[in-house]
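Summary of the model geometry
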Amino acid sequence: MELKEKLDKIRQSFNEKIEKVENLEDLEKIRIEFFGKKSEVIEVAKNIKNFSESEKPLAGKYINELKNELLEIFENKKNNIDENKKDIQNDLFDISVSGKKFAIGNLHPITKVMREVVEIFERLGFGIAEGPDIESDYYNFTALNFPEEHPARDMQDTFFLDAFDKDNNKPFLLRTHTSPVQIRFMNEHSPPFQIISPGSVYRCDSDVSHSPMFHQVEGLAIGENITFANLKWVLIEFIHKMFGIDIKARFRPSFFPFTEPSVEVDMSCVICSGKGCRICKNTGWLEILGAGMVHTNVLNNVGYDIDKMQGFAFGMGIERIAMIKYQVNDIRLFFENDIRFLKQF
Ligand code: PHE
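Residues numbered from 1 in each chain as written. Predicted model: local features only at pLDDT ≥ 70, side-chain atom pairs only at ≥ 80, totals over all residues. Heavy atoms only, no water.

Thoughts on the overall build of the protein chain
Test applied: Secondary structure is summarised from DSSP: a helix means a run of H or I of at least four residues, a strand means a run of E of at least two, and numbering begins at the N terminus for each. Taken over C-alpha atoms, the radius of gyration is set against a globule rule of 2.2 Å times the number of residues to the power 0.38. Only protein chains enter the accessibility calculation, which uses a 1.4 Å probe. A residue is then buried if its area is under 20% of the maximum for its type, exposed if over 50%, and partly exposed in between. Contact definition: two residues touch when any of their heavy atoms are within 4.5 Å. Neither His nor the chain termini are counted; the positive set is Lys and Arg, and the negative set is Asp and Glu. To locate a charge, take NZ of a lysine, CZ of an arginine, CG of an aspartate or CD of a glutamate.
Check the secondary structure of the protein chain and you find 12 helices and 10 strands. Since a compact globule built from 345 residues should have a radius of gyration of about 20 Å, the 41 Å found for the protein chain marks it as more spread out than a globular shape. For the protein chain, the C-alpha atoms occupy an extent of roughly 125 × 50 × 45 Å along the three principal directions. With 345 residues in all, the protein chain has 39% of them scored as buried. Summarising the internal contacts of the protein chain: among those between residues at least 6 apart in sequence, 65% fall at separations of at least 24. In the protein chain, which carries 44 positive and 54 negative side-chain charges, the distance between the mean positions of the two groups comes to 9 Å.

Encoded structure:
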């Protein structure tokens, strides 16, 4: 039938054209072409009057079917274009705008160094123990073998709190070092063990190299056969891992109430390699930590058998290590949190 062929041609042409439509203007052209008064479909419909009476109903049916089919495709297309337009109008996205850059922060240098130190000791087999920032005189001083009249208990160094500790008949205080965690841990555990204890400590002091709050990492290893040689190996290993294999270590005799013998450990200056410069005050050495064999009085205070158990302890300041590592000459820069400073790490 000639009519059917005509309708198929219209359908094909419509489908080809509507496929390429991307905006409402082009769609409007299609509407006029296929559904307007002068459209081919209308022309064909007008021709129905020339068909025989028996053919007329079928011809009408075919034309209506095509019309409905094309209208449905047309409406779908229109809805699609409307949706896209709505998104753009509602600012859901504007494909012409360049992407927004988000400022990505970084870890505070003290956090970074703290994590690095902790990781080095974890790899050497040390566990982690923690204690409270608010301490009693007993854990911070007495149990650590500080004599009653020791200057470190003085008001000038220690922040004493208003809260009174009835058990000790003394005020509570902010711990001045992480060493009280040694006592707390030993009270709760039996040797052998090796632990570190990272945390904040407080001293009433402030200048280029002192801050009223700073961070320490304490170390403690107790067992039947733990010697000063083990302490030396662990600390030299730490220095090499932290600052490089070329760095030398030096152990100087020193004094702490809770260790005997006691040492202070220096490392060769990272700036001048030991030749002498401003950073090491021309000595070629930088002091980085205190250490020693745990004092028998301390072992007695936690009820250990001093004929069997012995061990070492060490303590280091994280800010000091960070200052050496990043060559920062004023400790206060770590706490002012000036974004221009922090951004550099
Ligand atoms: N607690 C000491 C300090 O704060 C450091 C230290 C810890 C020394 C353990 C010896 C052993 O200076």
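Structure's up, so let's keep going.
So, the packing of helix α1 (residues 2-19) against helix α2 (residues 24-35)
Between two packed helices, the angle of one axis relative to the other and the distance separating the axes together describe the packing. The line we're drawing: Only C-alpha atoms enter the line fits that serve as axes; for helices the fit covers just the stretch in contact. Angles between N-to-C directions range over 0 to 180 degrees. Angle categories are assigned with fixed cut-offs, so that under 35 degrees is roughly parallel, over 145 is roughly antiparallel, 65 to 115 is roughly perpendicular, and the rest are oblique. Polar here means any residue outside two lists: the nonpolar Ala, Val, Leu, Ile, Met, Phe, Trp, Tyr, Cys and Pro, and the charged Asp, Glu, Lys and Arg; Gly therefore counts as polar.
It is at 11 Å that the axes of α1 and α2 come closest, and there the two elements cross at 175°. Put simply, α1 runs roughly antiparallel to α2. Mapping the contact onto sequence places I10, S13, F14, K17 and I18 in α1 and L27, I30, E33, F34 and F35 in α2. Classifying every residue of the contact of α1 with α2 gives seven nonpolar, one polar and two charged.

Observations regarding the packing of helix α5 (residues 109-123) against helix α8 (residues 228-243)
Under the convention used in this document: Crossings are classed by handedness, with left-handed meaning an anticlockwise turn of the near helix from the far one by less than a right angle and right-handed meaning a clockwise turn.
Following both chains from N to C, one finds α5 and α8 inclined at 135°, their axes separated by 10 Å at the closest point. The pairing of α5 with α8 is recorded here as oblique in orientation. The two elements α5 and α8 meet at a crossing, and its hand is right-handed. Contacts from V113, E116, V117, I120 and F121 of α5 reach α8 at V234, F238, K241 and M242. Of the residues contributing to the contact of α5 with α8, the split by class is seven nonpolar, no polar and two charged.

Some words on the site of the ligand
Going by this rule: By convention in these notes, a residue is near a molecule or strand provided one of its non-hydrogen atoms lies within 4 Å of it. Whenever a nitrogen or oxygen atom comes within 3.5 Å of another N or O atom, the pair is scored as a polar contact, on the condition that within protein one atom can donate a hydrogen and the other can accept it, and that pairs from neighbouring residues in sequence are kept only if both atoms are in side chains. For every accessible area listed, the method is Shrake-Rupley and the probe measures 1.4 Å; residues are considered covered only by the protein chains on display.
The environment of the ligand is formed by 14 residues, the closest being H177, S179, R203, Q216 and G315. Measuring from an oxygen atom of the ligand, one finds a side-chain N or O atom of R203 at 2.9 Å. Within the side chain of Q216, one N or O atom sits 3.0 Å away from an oxygen atom of the ligand. Expressed as a share of its isolated accessible area of 320 Å², the protein-covered part of the ligand is 89%. Of all elements in the fold, only β6 (213-223), β9 (285-294) and β10 (310-317) reach the threshold of two or more residues within the shell around the ligand. It is β10 that contributes the most residues to the shell around the ligand, three residues altogether. Here the shell around the ligand is built from residues that sort into five nonpolar, seven polar and two charged.

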